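Remarks on the overall topology
Next come the chains, spelled out residue by residue.
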Amino acid sequence: MKVVNLKQAILQAWKERWSDYQWAINIKRNCPKGVTWDYLNLAEALMEQAMIGPSPNPLILSYLKYAISSQMVSYASVLTAMSKFDDFSRELCVKSLLEIMDMFSHRLSCHGKAEECIGLCRSLLSAVVWLLQGCAWYCERLREQQGAAAGQAVPAPGSAAGVEASLKACQERLEKLIKSTKNRSLIHIARLEEQASWANVEQAVLKLTDSLSSLTNQTLRGKLEESVSLVKSIPQMLSAQGDPPVHTSFPSVHAFVMLEGTMNLTGDTQPLVEQLMMIKRMQRIPSPLFVLEIWKACFTGLIESPEGTEELKWTAFTFLKIPQVLLRLKKYPQGDKDFMEDVNTAFEYLLKLTPLLDKADQRCNCDCLSLLLQECNKLGLLSEANTNNLTSKRAEDREFAPRLKTAENANIQPNPGLILRAEPTVTNILKTVDADHSKSPEGLLGVLGHMLSGKSLDLLLAAAAATGKLKSFARKFIKLNEFPKHMSGEGSKSASVRALLFDISFLMLCHVVQTYGSELILSDPSPSGEVPFFETWLQTCMPEEGKTLNPDHPCFRPESGKVENLVALLNSTSEMKLVQMKWHEICLNTPGAILEVLNAWENGVLSVENVQKITDNIKGKVCSMAICAVAWLVAHVRMLGLDEREKPQTMIRQLMTPMYGESTLQFYNERVVIMTSIMERMCADVFQQTGLSLRPPVEGQDPIPYRNLLPPRQPIHEALHSQFREVLNKGWVDSKALHLFENLLNMGGVFWFTNNLVKELLKETRKEWALRVVELLYSIFCLDSHQITLTLLGTILPNLLTDPAHWHSLTDPPGKALAKLSVWCALSAYSSHHKGQASARQRKRQREDIEDYNSLFPLDDTQPSKLMRLLSSNEDEPVLSSPGDRTMSSSLSASQLHAVNMRDPLNRVLANLFLLISSILASKTAGPHTQFVQSFMQECVECLEQGSRGSILQFMPFTMVSELVKLPALAKPKVVLSISDLTLPLGRRVAAKAIAAL
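Residues numbered from 1 in each chain as written. Predicted model: local features only at pLDDT ≥ 70, side-chain atom pairs only at ≥ 80, totals over all residues. Heavy atoms only, no water.

1. Focus on the overall build of the protein chain
Rule in force here: Here a helix means four or more residues in a row that DSSP labels H or I, a strand means two or more in a row labelled E, and each is numbered from the N terminus. Note on contacts: a residue pair is in contact if any heavy atoms of the two residues lie within 4.5 Å. Accessible surface is estimated by sampling points in the Shrake-Rupley manner with a 1.4 Å probe; for residues, cover comes only from the protein chains shown.
Helix and strand counts for the protein chain stand at 49 helices and zero strands. For the protein chain, restricting intrachain contacts to residue pairs at least 6 apart in sequence, the fraction spanning at least 24 positions comes to 79%. Carbon together with sulfur atoms contributes 53% to the accessible area of the protein chain, which is approximately 43,200 Å² in total.

2. Here's the deal with the environment of Val128
For Val128, the position within the fold is in helix H7 (residues 114–149). With near-sequence residues (within four places) excluded, Val128 lies in contact with Leu174, Leu177, Ile178, Ile187 and Val231.

3. Remarks on the packing of aromatic side chains
The test is simple: By convention, a stacked pair of Phe, Tyr or Trp rings (six-membered ring in the case of Trp) has centres within 6.5 Å and planes under 30 degrees apart, an edge-to-face pair has planes over 60 apart, and any other such pair is tilted. Cation placement over rings: the criterion is NZ of Lys or CZ of Arg within 6 Å of the ring centroid and within 35° of the ring normal.
Summed over the entire model, instances satisfying the criterion amount to 19 aromatic pairs. An aromatic cluster is present here, built from Phe502, Phe506, Phe533, Phe534 and Trp537 joined pairwise through their rings. Stacked on the ring of Trp137, the Lys or Arg Arg141 has its end atom at 4.3 Å from the ring centre.

4. So, the side chain of Lys182
Cut-off, in case you're wondering: Note on classification: 1.4 Å probe, protein chains only; a residue is buried when its accessible area is under 20% of the maximum for its type, exposed when over 50%, partly exposed between these limits. Positive charges come from Lys and Arg alone, negative charges from Asp and Glu alone, with His and the N- and C-terminal ends not counted. Any carboxyl oxygen of Asp or Glu that lies within 4 Å of a side-chain nitrogen of Lys or Arg is treated as forming a salt bridge with it.
Tracing the chain through its elements places Lys182 in helix H9 (residues 181–193). Although Lys182 is buried, it makes no salt bridge; Glu116 carries the closest opposite charge, 14 Å away. In contact with Lys182, not counting residues within four places along its chain, are Leu108, Ser109, Pro973, Ile995, Ala996 and Leu998.

5. Details of unusual backbone geometry
Negative phi characterises most residues that are not glycine, and trans characterises most peptide bonds. Put simply, Asp812 and Pro813 share a cis peptide bond, and its omega is 0°. Look at Arg284: it is not a glycine, yet its phi comes out positive at around 50°. On the secondary structure map, Arg284 appears in the loop between helix H13 (269–283) and helix H14 (287–304). Despite not being glycine, Asn365 has its phi angle at roughly 60°, a positive value. Structurally, Asn365 is set in the loop between helix H17 (354–364) and helix H18 (368–378).

6. Points about the packing of helix H38 (residues 785–802) against helix H39 (residues 814–833)
The line we're drawing: Angular values range over 0 to 180 degrees, each being the angle between N-to-C directions of two axes fitted as lines to C-alpha atoms, with helices fitted over their stretch in contact. Note on angle classes: values under 35 degrees are labelled roughly parallel, values over 145 roughly antiparallel, values of 65 to 115 roughly perpendicular, and the remainder oblique. Two helices that cross are described as forming a left-handed crossing if the nearer one is turned anticlockwise from the farther one by less than a right angle, and a right-handed crossing if clockwise. Lys, Arg, Asp and Glu make up the charged group, whereas Ala, Val, Leu, Ile, Met, Phe, Trp, Tyr, Cys and Pro make up the nonpolar group; the residues left over, Gly among them, are polar.
Viewed as axis vectors pointing N to C, H38 and H39 meet at an angle of 140°, and their least axial separation amounts to 9 Å. Taken together, the axis directions place H38 and H39 in an arrangement best described as oblique. Between H38 and H39 the crossing geometry is left-handed. Facing Ser785, His786, Thr789, Leu792, Leu793, Leu797 and Leu800 of H38, the residues of H39 in contact are Leu818, Ser822, Cys825, Ala826, Ala829 and His833. Of the residues in the contact of H38 with H39, the class split is eight nonpolar, five polar and no charged.

7. Details of the confidence of the model for the protein chain
This is how the line gets drawn: Per residue, pLDDT measures the predictor's confidence, with a range of 0 to 100.
This prediction gives the protein chain a mean pLDDT of 81; 83% of its residues lie at or above 70. In the predicted structure, residues 846–852 sits below a pLDDT of 50 and forms eleven contacts with residues beyond four places in sequence or in another chain. Residue range residues 858–888 is modelled with pLDDT below 50. Its contacts to residues more than four positions away, or to other chains, number 52 contacts.

8. Let's talk about the pattern of salt bridges
According to the stated counting rule, one finds 31 salt bridges in the structure shown. The closest approach of N and O atoms between Lys393 and Glu348, which form a salt bridge, is 3.0 Å. Residue Lys393 is found in helix H19 (residues 384–398), and its partner Glu348 is found in helix H16 (residues 339–351); the two are separated by 45 residues along the sequence. Close ionic contact of Arg725 with Glu764 constitutes a salt bridge, the shortest N to O distance being 2.9 Å. Remark: Glu764 occurs in the loop between helix H36 (750–762) and helix H37 (767–781) and Arg725 occurs in helix H34 (residues 716–730); sequence separation between them is 39 residues. Overall, the relative accessible area of 22% leaves Arg725 in the partly exposed class. Connected through salt bridges with shared partners, the residues Glu115, Arg122, Glu193, Glu194, Arg988 and Arg989 form a single ionic network.

9. Structural notes on the packing of H39 against helix H45 (residues 905–922)
The contact between H39 and H45 brings their axes to 11 Å, and the two run at 145°. Note on packing geometry: the crossing formed by H39 with H45 is left-handed. Residue-level inspection shows Ala826, Ala829, Tyr830 and His833 of H39 in contact with H45, the latter providing Leu906, Asn907 and Leu910.

10. Points about H45
Basically, it comes down to this: How far a helix is expected to stretch is found by multiplying one less than its residue total by 1.5 Å. Polar contacts, as counted here, are pairs of nitrogen or oxygen atoms within 3.5 Å of one another; within protein the pair requires one atom able to donate a hydrogen and one able to accept it, and residues that are adjacent in sequence qualify only if both atoms are side-chain atoms.
With 18 residues, H45 should reach 26 Å at 1.5 Å per residue; the first-to-last C-alpha distance of 26 Å fits that figure. Burial analysis of H45 places 16 of its 18 residues in the buried class, which makes it a mostly covered element. Between the side-chain oxygen at the start of H45 and the backbone nitrogen of Leu906 there is a gap of 3.0 Å, and the oxygen is on Asp904.

11. A word on the nonpolar core
Basically, it comes down to this: What we call a nonpolar core is a set of buried Ala, Val, Leu, Ile, Met, Phe, Trp, Tyr and Cys residues that are connected through their side-chain atoms within 4.5 Å.
If you look at the biggest cluster of nonpolar residues, it comprises 330 residues, and the most contacted ones within it are Trp23, Trp537 and Phe753. Once residues lying within four places of it in the same chain are set aside, the contact partners of Phe753 are Leu720, Phe741, Leu744, Leu745, Ile780, Phe781, Leu783 and Ile788.

12. Concerning the state of the cysteines
For clarity, the threshold we go by: When the sulfur atoms of two cysteines come within 2.5 Å, that pair is taken as a disulfide.
This structure, assessed with the given rule, holds zero disulfides. Take Cys940: it sits in no disulfide, and the sulfur closest to it among the cysteines is that of Cys943, at 7.6 Å. Assessed through its relative accessible area of 0%, Cys940 is described here as buried.

13. Describing the environment of Arg725
Between the C-alpha atom of Arg725 and that of Glu760, which follows or precedes it by 35 residues, the distance is 8.8 Å. When near neighbours in sequence (up to four residues on either side) are disregarded, Arg725 contacts Glu760, Lys763 and Glu764.

14. A short note on helix H3 (residues 42–50)
Of all nine residues in H3, seven are buried; the element is thus mostly enclosed. Taken together, the buried positions of H3 are occupied by Leu42, Ala43, Ala45, Leu46, Met47, Gln49 and Ala50.

Take a look at the structure:
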């Protein structure tokens, strides 16, 4: 039936005065089978005929109402037809249209195809535009009538009361339509579907806003303004966050800052900033409390750090790195809040923690807070007035603080002041080392000698590490270490300068590697083609924790002729000549020479006195030789039985004992201090095995910090349990605990570590304790977030969700807490992994115990995977027996349309986890595992940066949305919008279908 015929049928019915049901029977009888009335535009045809005159045709209107009630026409087609009527001067027609709208506006829904649901979205948007235009038109008429009443013009048609009644009627329908979150969500989808159509809304809003100023009825005006603001808020409807948490302590921020300060001082600032922002966003922490927690962690670290290098590292972290972190945090959008004011409020809160500040001042021997305030003021994080105000308040508090006023204490220079002065010195030293010293290297030697005195080297290295210059520092010293290779016609003076440059740079580099890790140098190889001597030696010869060296490796066995010459040179009574000496070769030949000497001593060819003389010659001039000798001896001793170790260990002790003679080279005492500390760290493990000490303990010198933390004769499972309980009872993680956890992670492996800590979480039956465990575990998992997340999401969760024997452990509150932890880990790992932000500490870890993700989640869909077999094992009817059985639609997700690389293990694990969740939702069995799924999805919605493409939810199959809305907690329009990828047409259709059916 053509539209013309449709119009004729309507007119015929009107002429013959058919009743509404008669009309419906006749029109259905004459209509071809299988044609929908929306396709024939029945609603539009009826409305057009009904609205011909100044007042509507009641009979034809009754046909339209019957068509709506009997669902002959869709709500979308009625709204679209209505929005085409633009003659608002016919108030009776407008009134009848609004009455028709009242029939269904409270129950707008669509259970048809996705296209029909998108049609409803578009028609809703058109209806809003129409209502806005109607309001604007009636406002304009009212203004004209007010002008006419003042005698300025001919009165507009219609009484003022009638116009105001029509305006009120339009406003009420607009308010009713727009107050529903469901309708706003559908309009939001229409806006994204057709960006141009939203311009009509903006135009109508602008027109109405202009007309509102002349409205005298304040109540009506207020209601219209409220409706307008609701319309304007539609584009931002997903960015509105819930209420922030009520508590004031955030252990995850505290523990994460402790972890970074203790283990990752050399790390880049940006990943640290992004991780902190992730925690802030996921937990919705207010800015002042967030900044306060960072400062609390810094002061705690300052107070509890072991003396020496660790204390300097924490000082540099607090006074140099954290202000820079805050400066970058300031650049993130803060909404309508001022970040400077938040920093000021955080310091106000910090001032109330007097015991913490007093203890830090006592430890550092200065007013720590005032120095921090000055740094923040310099960087523009605090205004001058706030800085002065906070400083004076702290000065008042300090008058009553307990202090150690001893003469000895008065002479100690405070570390914070030294660190702040060391920072510009680092830049100057880098410039000095960069200059050309080939003609007069003596000047450079003076600078290096000054760096070695006292704790200057540690201060400079800590300042360089905190400001991101340590890599450049190390690179410069590798270059400097290569410089003495080039020699030609040198005298004895220049030979000694060359020897010293080699020795000092070698010592400094060894010290950097032991303090900050070899990754610092090895992660950034030399730009030139030739590998520098130090890099080669570091990789093959230097003992480090967790690194096993082979004493018979070719690197310890260079040319035999050169070794014999070196042994003869060391065994001679005459003093070692420095002229034309190739120090790189000497260092590489030293292990061979030491082996010869050791064999001769063990076979009785050399006496103890001879060996002492040789070791004195080795350490007498150039300390690097002694370090190379000890490095080989450590590797050698590891291979020997306890009864064979005596002589090599005696040689190590001889090499460690400094010499005090007249003929030694310049800066010998300073070099020996560094040499001894390097050797101590190298030998600590070997000597610990035999229960011997390297040297008698010296008062005031602590042993190597954070060593031997694992309790002897206690299973690691018990050690993990007791340490975690201690941390949980205390409520925060200290640096010692973090080092112990890292040792346990390295020893037990990622799966063992993660699995046992998840078991600790599932033991908690009280909500507040379960949440505290989540915060603490999240920060402990940052030790290696990527690998731990792969294990948690790829192995532990599937095991818990697919085995009915484990389902009881997923009941709330521990089940909900585990869902929260899983989402936090997934978001953090996904965010940092796709920006390539693994720290050197994480890159260094062994990966032997990680499950082979290729066999767990095969790329080829024809191979049945372990996970899919797990999915089908619990059900009477297998939902997904193997990936080959799946239709494309059941597993199609946004990630596939965005062409995400599925060879990446994390992407695969996430995709398969969502497939598992989808199968649980589709199964007939409900229980704690379905409750876990609901909690997991709720947490995703709460934590996600709203409207962000490329989040973990892109791995969720599209078909899962319709399953999720069957869960009461997730059957909300905003939830559907949050979990759908609205950047994709398919995502918008899926969302529209789910919301329209609510």
